[in-house]
Amino acid sequence: MAVRNAKRLTLSSTAVLILSTLSVNQSHAAGYQIAFDSVAGLGRAHAGEAAIGDSAAAMGRNPAVMTLFGRAEFSGSLIYFDAEIDVSGSSDAQSSSDIIPSQFAPASYYVHPINEQLAAGFGIYANYGLGTDLKDDFLAGELGGDTELFTVNLNPALAYNISPMLSLGAGISLVYATGEVNRHYGGGASAFGKQASDKILSWDGDDWTFGWNVGALLELDQRNRFGLSYRSGVDLKLEGTFTDFSPGVAIPGGGSTTAVSNVPLPAMAEFSGFHQVSEKLAIHYSALWTQWSEYKEFSASSSDCTTNGGICFLKPEKYDDSWRWAIGATYQLDSTLKLRAGFALDEKAGATTLSIPDQEAYWYAAGMNYQLDSNWSFDVGFAYMDRSDESFTETSLFTSTHDYTAKGYLLIVGVQGNYRF
């Protein structure tokens, strides 16, 4: 009888789908935004990215900076991040450590001056991504589980120097994305004769879509310039396989079907300044705005998910537009070695949950550039990201309401090679 009652509750309540969260999360910046597109930028906490133009990687943030290049240049980078983000509840069964998997993030860029006024470039990198992985036997298993979003941005761009002071740039983005989620029975396992780590729901999907970006560079003189860039938001329509491992949380009798999830990649705008205050010292800064208010829910639908009127899963979100503030400095130690440092604040964008443990982040960064010869140079960057402690409450269908705390930090290190032709 207990099993029958549990099944009736599970099959009749849309709360199961609301709590079977498929939320995207990114531990590096607000929401699921990535700030790891340049190692040169990493070493200064990405301060001044839309105005500096010191490597080909800068074209990914502002295409207009390509007019600063007198020679063709290729930049390739590899960034590794190690996260120590823990979620603590009232017991070990309600706690999970290291919920952000460590990952590598590669990127590559090429800038080619066509003449004194026109330049072209191409970048392969990511602006958004995620990775969360709570332990499989987490008691609130339908809230936790593992979630992954992977994006690649193929970005050709052009820049034109209109006058000695003003350059404009524009690009087209071909974005490929994949998503995957797995949720587990957790505390509800015994009612179904299952193990806590057994899956209750899973989904994966992918999509291609287009976007665009524009930028402007204003050079007051050779020592002072400002950059402004904008990247359009895009709407992904991730289509793939949804599987209901239960007797019918979403699909009567369980089973698999094709489901579609609409995921927004929000628009971004950045303002940066660069000032060469002496022969050796420069300061730079940035303000980056992201339109997170467009992210209102994460859901998937299919005509086969008839238990809840075609909804396979649904997670309402509470997000607001957010800002990232950064300031940094560059010091030319000698003819071959350049030192960098920076500090940044990533504002929290959304309400903290088990599936999206969003936190404010404080960046402390340092890096250097070594000029090997007239063609080759190398960048190394390191950042420590201190994440704010966040307390929040979640309600699980199987384990009622519990209080949690998310806390931790992130270590980021990267290397980049630059070659001028």
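Residues numbered from 1 in each chain as written. Predicted model: local features only at pLDDT ≥ 70, side-chain atom pairs only at ≥ 80, totals over all residues. Heavy atoms only, no water.

### Some details on the state of the cysteines
Taken as a whole and judged by the stated rule, the model has one disulfide. What pairs with Cys-305 in a disulfide is Cys-312, and their sulfur atoms sit 2.1 Å apart. As the torsion about the S-S bond is roughly 90°, the Cys-305-Cys-312 disulfide counts as right-handed. Overall, the relative accessible area of 0% leaves Cys-312 in the buried class. (Disulfide = S-S within 2.5 Å. Buried < 20%, exposed > 50% of the residue type's maximum accessible area, 1.4 Å probe, protein only.)

### Comments concerning the side chain of Ser-261
Secondary-structure assignment places Ser-261 in strand β10 (residues 255-265). Taking the relative accessible area as the measure of exposure, Ser-261 reaches 0% and is therefore buried. A polar contact of 2.8 Å, which involves the side chain of Ser-261, links it to the backbone oxygen of Ser-299. Apart from the residues within four sequence positions on either side, Ser-261 is in contact with Trp-203, Leu-236, Lys-237, Leu-238, Phe-298, Ser-299, Ala-300 and Phe-313. (Helix = DSSP H or I, 4+ residues; strand = E, 2+ residues; numbered from the N terminus. Polar contact = N/O pair within 3.5 Å; in protein donor to acceptor, adjacent residues only side chain to side chain. Contact = heavy atoms within 4.5 Å.)

### Focus on unusual backbone geometry
Unlike most non-glycine residues, His-46 shows phi in positive territory, near 60°. Positive phi, close to 50°, is recorded for Asp-98, a residue that is not glycine. Along the chain, the position of Asp-98 falls in the loop between β1 (73-88) and β2 (103-113). Given a relative accessible area of 39%, Asp-98 falls into the partly exposed group.

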